[in-house]
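Topology and contacts: notes
So you can see what is in the structure, the chains are spelled out below.
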Amino acid sequence: MEALRHNPDADRLERIAAQCTQGDLAGAELALSEWVRSDHCPATAVVMLAALLARRGKHDHALATLRQAQRLGVADDRLVMVIHMIVLMQLDLTQSARKIALRLHDEHGQDDLVAQWLNLVDIVEAGNLPTVTTAQAEQLACELTISPGVIPTLVTAQSVDADPWAIALLRKALSTVVKNLRDADHHEMICRAQAQLALLANDTDDARRWAHRGLRHNPYNAQLALVLAKIEDDAMIGPNASDVLDRVAERYPGYPDVRAALIRRQFHEGRTDEAGHNLTLWLEAQPDHPMALKLQREIAA
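Residues numbered from 1 in each chain as written. Predicted model: local features only at pLDDT ≥ 70, side-chain atom pairs only at ≥ 80, totals over all residues. Heavy atoms only, no water.

**A word on the overall build of the protein chain**
Helices and strands together make up the secondary structure of the protein chain, namely 18 helices and zero strands. Looking at the protein chain as a whole, 39% of its 301 residues qualify as buried. Taking the contacts inside the protein chain whose residues are at least 6 apart along the sequence as the reference set, 55% of them involve residues at least 24 apart. Put simply, the protein chain shows about 17200 Å² of open surface, and 52% of that area lies on carbon and sulfur atoms. (Helix = DSSP H or I, 4+ residues; strand = E, 2+ residues; numbered from the N terminus. Buried < 20%, exposed > 50% of the residue type's maximum accessible area, 1.4 Å probe, protein only. Contact = heavy atoms within 4.5 Å. Areas by Shrake-Rupley, 256 points an atom, 1.4 Å probe, with all protein chains shown as cover.)

Next up, the structure:
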C-alpha cells in the first residue's frame, strides 16, 4: 500500500524546495532546468523555475517559462498568477500586472492569504477592486440552483434591510442561475428577483430590462408591473408602464397596489382626467379603502 502512495514527483519537488531553503538556489535552478526539458515535468516545477529566474533578473526567460506552466495547467493557479504578476512588476509592465491582480482577486479574492498579498503589493487600490468576486458568485449560484425556492425570501430580506454587497452578490449569482434553470416558472421568478434587486441598487436600466424580460413570459405578473411603475419608460425595451399596469389591473381588479400604481402613473403622465375617473370609481366601490384615500390626498396636494 505504501508503494501505491509513493509519488516520485512530490519527492523530487521536496528535495528541490529544500535546496532553496538551504540557500542552494543555483543548484535548485539547475535541477529544475533539467527537469522542465523532460516530457512529464509537473507544472509546479515549471513555476518554481520561473520564480528563481525572476529572482535572478531573467525576466524574459521567466515569462516564457510561466507560459509553459500555463499550457501544462497548474492545480492551484494562484501560484502562477502571483509569480506572473511579480515578474511583470519587475519589468515595470504595471498595466499588465494590474490585469493579473484583478483576475486573481476575482477568482481567489475570498482566500484570506490572497487578499492579504494583494493588499501588501498595493498594485490595485482596494477601492478599485470589485466588491463581489466571480468565485463568490459562482458558489452562491451553485447553492441557489440546488435550492431556487429560497430566492424570493433572499430578495424580500434585502427589500427590508438592504445590504449593497449582498445585493451585488445576488445579482451576479442569479445571472448564472438563470442559465441553469430554464423552465418557465423559475425563469419568471429569477426575472422578478433581478428586476427588484436592480431597483434596490438604483440600476433602473437593468430593472427595466429584467422586468420586460419576465413580462414576455407572463404579461400579467403584478410584481414586474410594479417595478416598471417606479421607473421611466423606454419604448425600445418594452411597452409603457401604464399600459402594463392597465392590463394587470384589468386581469386582477382586487390588487390595490396595482390599481394605485396605475392611477399614480396616469396622473404623473398628465392624464389627470383618466386618473381622477379611475380613482372616483375606486372610492365609489370602496369608500374607506386606506390606499384609495391616501391616493386621493396625494392627488389633491
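**With respect to the layout of surface pockets**
If you add up the space inside the largest pocket, you get close to 300 Å³. The wall of the largest pocket is formed by 14 residues, among which Val 155, Ser 159, Gln 196, Gln 223 and Val 227 lie closest to the centre. Listing elements by their share of the lining of the largest pocket, those giving two or more residues are helix H10 (151-160), helix H12 (184-200) and helix H14 (222-229). With six residues, H12 is the largest single contributor of residues to the lining of the largest pocket. The residue inventory of the lining of the largest pocket, partitioned by class, reads eight nonpolar, four polar and two charged. Considering only enclosed or pocket space, the second largest pocket measures out at about 190 Å³ in volume. (1 Å grid on protein atoms, 1.4 Å probe; cavity = no way out; pocket = protein on both sides within 12 Å on 5 of 7 lines; lining within 4 Å. Points joined across faces, edges and corners; volume = space filled by probe spheres on them. Nonpolar A, V, L, I, M, F, W, Y, C, P; charged D, E, K, R; others polar.)

**Quick look at empty space enclosed by the protein**
Under the defined criterion, the tally for this structure stands at one cavity of 30 Å³ or more. Each pocket or cavity is described by its volume, and for the largest cavity that value is around 40 Å³. Around the largest cavity sit Arg 208, His 212, Leu 228, Ile 231, Glu 232, Asp 233, Asp 234, Pro 239, Ala 241 and Arg 265, which together line it. Considered class by class, the residues forming the lining of the largest cavity number four nonpolar, one polar and five charged.

**A few points about the side chain of Gln 158**
Inspection of the secondary structure assignment puts Gln 158 in helix H10. Residues contacting Gln 158, with those up to four places away along its chain left out, are Asp 163, Ala 166, Ile 167, Leu 170, Leu 197 and Leu 200.

**A word on the packing of aromatic side chains**
The tally for this structure, following the rule as stated, stands at one aromatic pair. Arranged with centres 4.7 Å apart and planes meeting at 10°, the rings of Tyr 252 and Tyr 255 form a pair that is stacked. Judged by relative accessible area, Tyr 252 falls into the partly exposed class, the value being 27%. Here the guanidinium or amino end of Arg 12 rests over the ring plane of Trp 35, the centre of that ring lying 4.2 Å away. Over the ring of Tyr 220 we find Arg 251, and its NZ or CZ is 3.7 Å from the ring centre. (Phe/Tyr/Trp six-rings, centres within 6.5 Å; stacked < 30°, edge-to-face > 60°. Lys NZ or Arg CZ within 6 Å of the ring centre and 35° of its normal.)

**Description of the nonpolar core**
Counting 41 residues, the largest nonpolar core has Leu 144, Ile 151, Leu 174, Val 177, Ile 190, Leu 228 and Val 258 as the members making the most contacts within it. Those elements that provide at least two residues to this core are helix H9 (134-146), H10, helix H11 (164-180), H12, helix H13 (204-217), H14, helix H15 (241-251) and helix H16 (256-268). Setting aside chain neighbours within four positions, we find Ile 151 in contact with Leu 144, Leu 174, Val 177, Met 189, Ile 190 and Ala 193. Residues Ala 28, Ala 62, Leu 88 and Leu 118 belong to the second largest nonpolar core, which totals 33 residues. (Core = buried A, V, L, I, M, F, W, Y, C linked by side-chain atoms within 4.5 Å.)

**Things to note about the environment of Ala 195**
The topology assignment puts Ala 195 in helix H12. Placed 11 residues apart in sequence, Ala 195 and Asp 206 show a C-alpha to C-alpha distance of 6.9 Å.

**Considering the confidence of the model for the protein chain**
Averaged over all residues, the pLDDT of the protein chain is 84; the fraction at 70 or higher stands at 89%. Confidence drops under a pLDDT of 50 for residues 1-5, and excluding neighbours within four residues, the segment shows zero contacts in the predicted structure. (pLDDT = per-residue confidence, 0-100.)

**Things to note about H10**
Residue pairs three or four apart in sequence face the same way in an α-helix, which turns once every 3.6 residues. Along H10, the positions that sit buried rather than exposed are Ile 151, Val 155 and Gln 158. Each buried residue of H10 lies within a common arc of 60° when the element is viewed along its axis, so the set occupies one face. In H10, the exposed positions angled more than 90 degrees off the buried face are occupied by Thr 153 and Val 160. Summarising the contacts, the buried residues of H10 are in contact with H9, H11 and H12. (Arc of directions from axis to C-beta.)

**Some remarks on unusual backbone geometry**
Of note in this structure, Asn 202 is not a glycine but carries a positive phi near 60°. Assignment of secondary structure puts Asn 202 in the loop between H12 and H13.

**A few points about the packing of H13 against H14**
As a packed pair, H13 and H14 sit with axes 9 Å apart at the nearest point and diverge in direction by 150°. One way to sum up the angle between H13 and H14 is to call them roughly antiparallel. Judged by the twist between their axes, the crossing of H13 over H14 is left-handed. Judged by residue contacts, Ala 207, Arg 208, Ala 211, His 212, Gly 214 and Leu 215 of H13 engage Leu 224, Val 227 and Leu 228 from H14. (Axes fitted to C-alpha atoms, helices over the stretch in contact; angles between N-to-C directions. Parallel < 35°, antiparallel > 145°, perpendicular 65-115°, else oblique. Left-handed = near helix turned anticlockwise from the far one by under 90°.)

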